[in-house]
Amino acid sequence: MTPTIDGAALLAEVEAFHRRFNVFPTEAAYVAVALWDAHAHLIECFETTPRIAFLSPEPGSGKSRALEIVETLTPRPVSTVSASANALYRLVDSAAGLPTVLFDEVDTIFGPKAGADEALRGFLNAGYRRIGGALRCVGEGSNQNAQVFGSYCAVAMAGLGSLPDTVLTRSVIIRMRKRAPNEKVEPYRQRVHEKQGHALRDRLAKWADTVRDQVTNAWPTLPDGVSDRPADVWEPLLAVADAAGGDWPNRARAACLELIRSAHDNDEASLGVRLLTDLRDKVFGDADRVPTAVILEVLLAMEDAPWGDVDDKPLNSRTLARMLSQYVTPANKPIKPRGIRTPSGFPKGYYAEDLTDAWTRYCPPPPGESATSATSATPQVSGGESVADIATAIRHTHAEAATQSALIG
């Protein structure tokens with residue numbers, strides 16, 4: 001009879017092993033990394049395998065060390081700083097079993113000076129889901145046959161800066177930073193500590209065998225609001241946490257929400273969503289239409305907003321129109337500026353009715369009443385008001401609301 005293995009205690013040991021050598025930015029990061037290590041031993045049970053990405057703006061932030069510790073804890077690890085997509089496809093298809101691929105210095109592959117490597121990007125994207133693969137011709141000379149190569153495998157990455165959006169959205173993102181003077185770690189000595197990591201790896205493999213059927217048939221409950229791609233990323237990790245038991249299910253769900261929120265806060269691709277949200281919460285409020293000039297004046301006056309530097313220049317009417325045209329009206333037509341009749345003229349602007357569908361589909365829920373007090377009084381375009389009058393009124397309502405919020409806070 002196979003002895004029972006305490007999965008919660010074992011994951012706690014994995015977490016403690018990382019803590020000896022890694023300083024992660026948050027508690028959520030330790031939880032996610034320990035679960036990711038364990039999920040690599042159960043990868044055949046899942047429909048998707050999240051990538052894990054250790055990223056930082058500067059060297060010396062512990063990314064490579066984190067990858068090194070992951071290597072000691074995961075099955076069949078293969079480390080590389082340079083690999084062709086074809087080599088990786090053949091590695092995954094080998095009879096030795098699914099590898100755990102560890103990419104260090106991944107910024108040299110996807111960074112701004114690296115150029116596009118669509119084949120490698122395709123490997124990382126396709127291999128995130130079990131059905132992914134690549135069609136390649138194999139053979140000699142004219143004797144060629146088409147063959148599908150699988151790409152589904154666990155992938156961990158470390159690099160400077162960021163990664164393509166298609167890779168980031170398939171990843172658990174750990175944003176590393178330099179250690180503060182008071183943050184100490186144990187020096188890693190491969191000859192000593194690799195054996196300790198391998199001992200933990202072997203115990204993880206044995207535990208994985210005892211919960212394989214449970215995890216294969218698991219449909220973990222996701223936190224409220226987690227759906228689509230983030231759900232695909234976190235479902236395997238939550239299944240591992242539920243199988244381990246103890247406090248891991250609760251810790252995993254808390255980490256899920258925290259890291260998803262953090263990823264969204266740093267997601268440059270969400271600039272369009274930020275624009276829609278700022279239009280809803282900071283510009284329109286209860287107004288049914290606002291001239292473009294007013295929109296730009298309000299957006300450019302916002303502190304800590306990106307609108308003063310979009311494509312190396314302040315947001316202008318042409319860029320605003322281009323960004324909004326990517327979204328559609330309730331009638332499924334691109335959002336475009338329309339004429340607004342005012343006593344002083346017929347300026348171009350935008351109508352709330354054109355934006356409502358995009359607001360509903362893409363924006364986070366509106367803030368509470370105290371946060372929306374500024375926009376609830378946004379004036380309508382009517383009467384004898386000019387565009388300048390409207391802009392002044394909007395600025396005043398925002399200033400009054402900010403004062404009220406500060407007094408309440």
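These figures come from a predicted structure and were not determined experimentally.

Engineer: For this particular structure, what's the right way to read the environment of Pro-220?
Structural biologist: Along the chain, the position of Pro-220 falls in the loop between α8 (190–216) and α9 (228–244). Under the relative-accessibility criterion, Pro-220 is labelled buried at 9%. For the pair Pro-220 and Leu-238, spaced 18 residues apart in sequence, the C-alpha separation works out to 6.2 Å. Discounting residues that sit within four places of it in the chain, Pro-220 has contacts with Glu-235, Leu-238, Ala-239, Asp-242 and Arg-253.

Engineer: I would appreciate a short explanation of the pattern of salt bridges in the present structure.
Structural biologist: Where charged atoms from two side chains of opposite charge come close, those side chains can pair. Within this structure, the stated rule accounts for 17 salt bridges. For Asp-232, the salt bridge is made with Arg-129, and the minimal N-O distance between the two is 2.8 Å. Here Asp-232 is found in helix α9, whereas its partner Arg-129 is found in the loop between α6 (118–126) and β4 (133–140), with 103 residues between them in sequence. The class for Asp-232 is partly exposed, based on a relative accessible area of 24%. In this structure Arg-129 comes out as partly exposed when scored by relative accessible area, which is 29%.

Engineer: It is not clear to me how the sheet that holds strand β1 (residues 51–56) should be interpreted in this structure. Could you clarify?
Structural biologist: Strands pair in a sheet through their backbones, by hydrogen bonds, and they do so in one of two ways: parallel or antiparallel. The five strands lie next to each other as β2-β3-β6-β1-β7, forming an open sheet whose pairing is parallel. The open sheet terminates on both sides in strands that have one partner only, identified here as β2 (77–80) and β7 (171–175). Mean inter-strand twist for the sheet, computed between neighbouring axes without regard to direction, equals 15 degrees. With five bridges joining them, β1 and β7 adopt parallel strand pairing. Pairing of Arg-51 across the sheet is with Ser-171, part of β7. Helix-sheet contacts for helix α3 (residues 63–73) involve β1, β2, β3 (100–103) and β6 (154–160), and the interaxial angle to β6 is about 165 degrees.

Scoring rules and cut-offs
Residues numbered from 1 in each chain as written. Predicted model: local features only at pLDDT ≥ 70, side-chain atom pairs only at ≥ 80, totals over all residues. Heavy atoms only, no water. Helix = DSSP H or I, 4+ residues; strand = E, 2+ residues; numbered from the N terminus. Buried < 20%, exposed > 50% of the residue type's maximum accessible area, 1.4 Å probe, protein only. Contact = heavy atoms within 4.5 Å. Salt bridge = Lys/Arg side-chain N within 4 Å of Asp/Glu carboxyl O. Pairing = 2+ DSSP bridges. Axes fitted to C-alpha atoms, helices over the stretch in contact; angles between N-to-C directions.

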